[in-house]
Every structure is written in C-alpha cells, then in structure tokens.
Amino acid sequence: MGGAGGRGPGEGTRAGSGRMNGSMARRRSPAPRRIPPGHPVTLTIALSKGRILDETLPLLATAGIVPSEDPETSRKLILATSRPGVSLMIVRASDVPTYVQWGAADLGVAGKDVLLEHGGHGLYQPVDLGIARCRMSVATKRGYDWAGTVQRGARIRVATKYVEIAREHFAAKGMHVDLIKLYGSMELAPLSGLADAIVDLVSTGNTLKANDLVEVETIMPITARLVVNPAALKLEAVKPLVDALAAAAAQGAAA
Ligand code: ATP
Ligand code: PRP
C-alpha cells in the first residue's frame, strides 16, 4: 500500500490560503520513504465516492489511470489501476486530508471547503483540478431582512457544517454569530427555527429554491484540489503523476 512512510503529518504547501500555509513552516517534515533500488513503489490516491470520484475519474483516465473495477459499485476500499504502481483508496470526503497528511495515502482529491475546515496542515496543494465547482454561501429564508440584520449588528444563529469558514467570514465582517454545527441538510435549520441563516455549498441553487431559501452572500468559490503528502512529493514517481493530473485538469478546463 502507498503512504509516504505513514510517519505523520508533514510540512509545507505550494498553494492555498494564508491560513493553510500558517503553521507548516515551523514543523519538521517526515523523512522520505526509503525505497531499496529496484523495489516497486505503489502510490495511493485517496478519493471519495460521489461527485469527487465522478469528476476525478475522467482526469485519471486522461492521465492513463483506470481503476480495475468500478469504485462506485465495488465494496473494495483499495483498488488497483491500469497504471502499475498506482492504486485508489476510497475514503469519506472529509477524511481525505487526514489520510494524506499522515502518509496513509500519498495523494488525494479534496474540495477547498474540506481543506479549509481541516486546516491544510501537512499537505501540499499543487493543483487546482477545477472540478466539483460550487460556492460557499450564506442563505436565509425568503423574506428575512438580512441587510437590516447586518446593519443593526444583531446577534444571529448560523447553522453549518463549515464552522471554520463561517467563523472566519463573520469575524471578518465584525458580526456576532452563534454557530451551530450540523452534519447535513442545513436547509432545514432556518425552516425549523433552529437558525436565522446557514452557510452551505451552492451550485445550481436548486436545493435552496426547493426549500424557499435565498442566497444572501457568497463567501468564496470552491473547487477540488489535488493534495500531496510532502514526503511523498520527494518520491520519483510522484512528480510525473502530479504533472499528468495537472495536464489533464488543464485539458478539462480548456474543453
Ligand atoms: P462527507 O461524506 O465527508 O460529509 P460530503 O457529503 O460533503 O462529504 P460530497 O457531497 O460528495 O461529500 O461532496 C464532495 C465535495 O464536492 C465537497 O467537499 C465540495 O467541495 C464539492 N461539492 C459539494 N456539493 C457540491 C455541489 N452541489 N456541486 C458541486 N460540488 C459540490
Ligand atoms: C450539497 C449542498 C447543498 C447542495 C447544493 O449537498 O450541501 O445541499 O449540494 O447544490 P445545488 O445548489 O446544485 O442544489 P449534496 O448534494 O452534496 O448533499 P449532502 O447534503 O449529502 O452533502
């Protein structure tokens, strides 16, 4: 199995927000894996089922990597691929950064939302893959006086799965909010009276519309990024893989 030694979180990043870069420069990087000459290296890419997998598979195919069986239907969590020495690991979306940070997977694909909530420690983020494109937004019930609430500086309740992003957003606006952590179906919070507003991902806007909610602020655009364990980055086989995925993403963006 892959994993750049699985020794622990590494340091450094190439991209991402200042917050993601934050504490990494002060940490020691794990030593690169010692690979005896001639010993085959297996690189593992951590992916989540659903839209990340759906949108990453075409990029992997362009890079010549096709899973040995359909990851959506297989019960296997580690899958071989058509590219010798590359396997896929199926994990929950929010667990991708953790597997890569600790070297249990060498690379991974995760949304910017997940990376910001995780903190991005011990992860290089060399490529914005431009997939799973959506935005992080604030939404309220239709008819809620959001502008007036902001203007009055009233204290409000905000329900979200993305507490770190929400905390930073409202702090930057100088707004006092009580954050309520939820794990899904955020749209229910304003409808049930749990919260005045939600912070959630919006793509088509259909989910908000279906629940009579409106987007009142856009916090940031979101796409999925390739993340790499810093120790794995030192392995010879990793750079060509990162370059191939970057090229596939650029090709996808141009299409
Ligand atoms: P978990 O299972 O860990 O709770 P999840 O249910 O959020 O994760 P997905 O719904 O598959 O997992 O979303 C994976 C990623 O896809 C998100 O982190 C986000 O970056 C992106 N995403 C989420 N919703 C949308 C959407 N409606 N349109 C496009 N991209 C989205
Ligand atoms: C995400 C998000 C919204 C929806 C927005 O949920 O949490 O509910 O997509 O997309 P739209 O603007 O195109 O309607 P998802 O479908 O991933 O379900 P989840 O709550 O299980 O994560």
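So, on to helix 2 (residues 51-62). Helix length check: helix 2 (twelve residues) gives 18 Å between terminal C-alpha atoms against 16 Å at 1.5 Å per residue, within 8%. Along helix 2, the positions that sit buried rather than exposed are Ile52, Leu53, Thr56, Leu59 and Leu60. For helix 2, the arc enclosing every buried residue in end-on projection is 130 degrees, short of the 170-degree limit, so these residues lie on one face. Along its buried surface, helix 2 packs onto strand 1 (43-47), strand 3 (86-90), strand 4 (107-111), strand 5 (124-141), strand 9 (213-228) and helix 9 (238-254).

Moving on: the confidence of the model for the chain. The share of residues in the chain with pLDDT of 70 or more is 84%, and the mean pLDDT across the chain is 88. Across residues 10-29 the pLDDT falls below 50, and counting only partners more than four positions away or on other chains, this stretch makes 50 contacts in the model.

Between helix 2 and helix 9, whose axes approach to 8 Å, the crossing angle comes to 115 degrees. For helix 2 against helix 9, the interelement crossing comes out right-handed. Judged by residue contacts, Leu59, Leu60 and Thr62 of helix 2 engage Leu245, Ala248, Ala249 and Gln251 from helix 9. Of the residues contributing to the contact of helix 2 with helix 9, the split by class is five nonpolar, two polar and no charged.

Taken as a whole, this structure holds one aromatic pair when the rule is applied. Between Trp146 and Phe170, the ring centres sit 6.4 Å apart and the planes meet at 65 degrees, which makes this aromatic pair edge-to-face. Of the two residues, Trp146 is situated in helix 5 (residues 146-152) and Phe170 in helix 6 (residues 163-172); the sequence distance between them amounts to 24 residues. On the accessibility criterion, Phe170 (1% relative accessible area) is buried.

Moving on to the site of ligand 1. The full set close to ligand 1 counts 16 residues, and Arg51, Arg92, Ser94, Asp113 and Lys161 are the nearest of them. One of the side-chain N or O atoms of Arg92 is found 2.9 Å from an oxygen atom in ligand 1. The contact in question runs from an oxygen atom of ligand 1 to an N or O atom on the side chain of Lys161, over 2.9 Å. The protein chains hide 79% of the 630 Å² of surface that ligand 1 would expose on its own.

Right, let's talk about the layout of surface pockets for a bit. When its volume is computed, the largest pocket comes out at roughly 1,000 Å³. Along its surface, the largest pocket is lined by 41 residues, and Arg51, Asp113, Lys161, Tyr162 and Leu201 are the ones closest to its centre. Those elements that provide at least two residues to the lining of the largest pocket are helix 2, strand 4, helix 4 (112-118), strand 5, strand 8 (197-202), helix 8 (206-210) and strand 9. The element contributing the most residues to the lining of the largest pocket is helix 4, with four residues. For the lining of the largest pocket, a count of residues per class yields 17 nonpolar, 13 polar and eleven charged.

Rules of the game
- Residues numbered from 1 in each chain as written.
- Chains lettered and ligands numbered in written order.
- Predicted model: local features only at pLDDT ≥ 70, side-chain atom pairs only at ≥ 80, totals over all residues.
- Heavy atoms only, no water.
- Helix = DSSP H or I, 4+ residues; strand = E, 2+ residues; numbered from the N terminus.
- Expected span 1.5 Å × (residues − 1).
- Buried < 20%, exposed > 50% of the residue type's maximum accessible area, 1.4 Å probe, protein only.
- Arc of directions from axis to C-beta.
- Contact = heavy atoms within 4.5 Å.
- pLDDT = per-residue confidence, 0-100.
- Axes fitted to C-alpha atoms, helices over the stretch in contact; angles between N-to-C directions.
- Left-handed = near helix turned anticlockwise from the far one by under 90°.
- Nonpolar A, V, L, I, M, F, W, Y, C, P; charged D, E, K, R; others polar.
- Phe/Tyr/Trp six-rings, centres within 6.5 Å; stacked < 30°, edge-to-face > 60°.
- Near = heavy atom within 4 Å.
- Polar contact = N/O pair within 3.5 Å; in protein donor to acceptor, adjacent residues only side chain to side chain.
- Areas by Shrake-Rupley, 256 points an atom, 1.4 Å probe, with all protein chains shown as cover.
- 1 Å grid on protein atoms, 1.4 Å probe; cavity = no way out; pocket = protein on both sides within 12 Å on 5 of 7 lines; lining within 4 Å.
- Points joined across faces, edges and corners; volume = space filled by probe spheres on them.

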